[in-house]
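Overview (structure and organization)
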Amino acid sequence: MKNPISWMVLWVAVTEFLPGTQTTLSPGNQTGCQLPAKLDQSCTCDQSFKGISLVCSGINSTHYFTQLEPNIASSVIKLDISGGLIPCLELQDLSSLTRLEEIRLTNSKVKNVLCGKSKVKHKKTVHKLKHLLSLDLSHNSLERVDESLIALNKLETINLSHNHITHIKPIFSHFEHLKSLDISSNKLSANFNKQVLKELPASVNYLDIAGNPWPCTPILSWMYPWSLSRSISIQMKLNSSQCNIENSPTHQHSPLLTVMKYYSVKVTPQCPDKCSCHFYHFAAGINISPTYTVI
């Protein structure tokens, strides 16, 4: 009996010399990666030895993913959706993507993290998405982050940057495996619930809160002593955040953590009883003690 491997090698060698003949042994041509009509128009299917990455642009519903062939659905490890109009993430539509590790839903006008408020329904669906570790909802229209996100408490990476978030519920104590949280470039300010950061699990080694309109007021002075309990990498990242000197005639910005340090150590302890002391001016330089004016 002739060796079939020898025949395969011979066939590849021969076809390379035949005009108009093209041979490829890529996984994509072997599986076909056939998509439903609507997804075929809007998505590209990138296959690797790990699985399938679907990149979709301009779709307005995740319901199309319920129409994926079972062999395709069970191979998707990354889903990247952008440029459409999707008000919320409907987990039930993705329940057949049982190997899914990463969801990116960006630039899609998302207003709520998850669709519906049924904790039971979310729990059943999330059980099927047990490999999901990363969620990116950046560049959307989120205004609040509530308890619904707890359904995805196995996440290791959460990106909520570049939204319109003004309120976040203190929910992250439920995320025991969380490593990275990005809430930068939102609308977080003086009314920020400090428990959101104080309850972050010890596993977090990346935190970005820059680009928010933080005021340089003593109400946020808790940030400095809290930061001392976190890793050096988090402290260094926090040092890049700025706050706004509210009473500054020049609308001055200053390093958030440095300002809060001086409130904690210098200003607030010496502020007279029944008074509130605020910075009118605060100038900080590298390796130079800040100069400031308090009113």
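A brief look at the structure comes next.

Taken as a whole, this structure holds three aromatic pairs when the rule is applied. On the numbers, 5.3 Å between centres and 90° between planes, the contact of F192 with W214 is edge-to-face. Separated by 22 residues along the polypeptide, F192 in the loop between β11 (180-182) and α6 (195-198) and W214 in the loop between β12 (206-208) and α7 (223-227) bring together distant segments of the chain. Note on F192: relative accessible area 7%, which makes it buried. Between W222 and W226, the ring centres sit 6.4 Å apart and the planes meet at 65°, which makes this aromatic pair edge-to-face. With respect to burial, W222 and W226 carry one shared label: buried.

With that settled, consider the pairing of strand β2 (residues 52-57). Here strand β1 (residues 43-47) pairs with β2 via five bridges, running antiparallel. Residue C45 lies in a different strand from β2, and its bridge partner there is L54. Two successive antiparallel strands, β1 and β2, enclose a turn made up of four residues, where G51 displays a positive phi of approximately 160°.

Take the side chain of S141 next. Relative to the assigned elements, S141 resides in the loop between β7 (134-136) and β8 (144-145). Judged by relative accessible area, which is 17%, S141 ranks as buried. When residues no more than four places from it in sequence are discounted, the contact partners of S141 are K109, V110, K111, N163 and H164.

What follows concerns the environment of S180. In this structure, S180 sits in strand β11. A residue is classified by how much of its surface remains accessible, and S180, at 16% relative accessible area, is buried.

It is worth spelling out the sheet that holds strand β5 (residues 102-106) at this point. Spatially, the eight strands line up as an open sheet ordered β1-β2-β3-β5-β7-β9-β11-β12, and their pairing is mixed. Strands at the two margins of the open sheet, each flanked by one partner only, are β1 and β12. Direction aside, the axes of adjacent strands within the sheet are offset by 5° on average. Of the strand pairs in this sheet, β7 and strand β9 (residues 157-159) are connected by three bridges, and their pairing is parallel. Within β9, the residue paired with D136 across the bridge is N159.

The next thing to look at is the state of the cysteines. According to the stated counting rule, one finds four disulfides in the structure shown. Each disulfide pairs two cysteine sulfurs, and for C33 the partner residue is C45, the sulfurs being separated by 1.7 Å. Residues C33 and C45 are joined through a disulfide that is right-handed, its torsion about the S-S bond being 85°. Placement of C33 in the loop between α2 (27-31) and α3 (37-42) and of C45 in strand β1 is noted, with a sequence separation of 12 residues between them. Assessed through its relative accessible area of 27%, C45 is described here as partly exposed. Covalently, C43 is tied to C56 through a disulfide, its sulfur atoms 2.1 Å apart. Around the S-S axis, the bridge from C43 to C56 shows a dihedral of about 110° and counts as right-handed. You can see C43 sitting in strand β1 and its partner C56 sitting in strand β2, a full 13 residues away along the chain. One exposure class covers both C43 and C56, and it is buried.

Next up on the list: helix α9 (residues 256-270). Think of an α-helix as turning once every 3.6 residues; residues three or four places apart then point the same way. Between its first and last C-alpha, α9 extends 20 Å over 15 residues, near the 21 Å set by a 1.5 Å rise per residue. Every buried residue belonging to α9 is among L256, L257, V259, M260, Y262, Y263 and V267, and all of these are buried.

Rules behind the numbers
- Residues numbered from 1 in each chain as written.
- Predicted model: local features only at pLDDT ≥ 70, side-chain atom pairs only at ≥ 80, totals over all residues.
- Heavy atoms only, no water.
- Phe/Tyr/Trp six-rings, centres within 6.5 Å; stacked < 30°, edge-to-face > 60°.
- Helix = DSSP H or I, 4+ residues; strand = E, 2+ residues; numbered from the N terminus.
- Buried < 20%, exposed > 50% of the residue type's maximum accessible area, 1.4 Å probe, protein only.
- Pairing = 2+ DSSP bridges.
- Contact = heavy atoms within 4.5 Å.
- Axes fitted to C-alpha atoms, helices over the stretch in contact; angles between N-to-C directions.
- Disulfide = S-S within 2.5 Å.
- Expected span 1.5 Å × (residues − 1).

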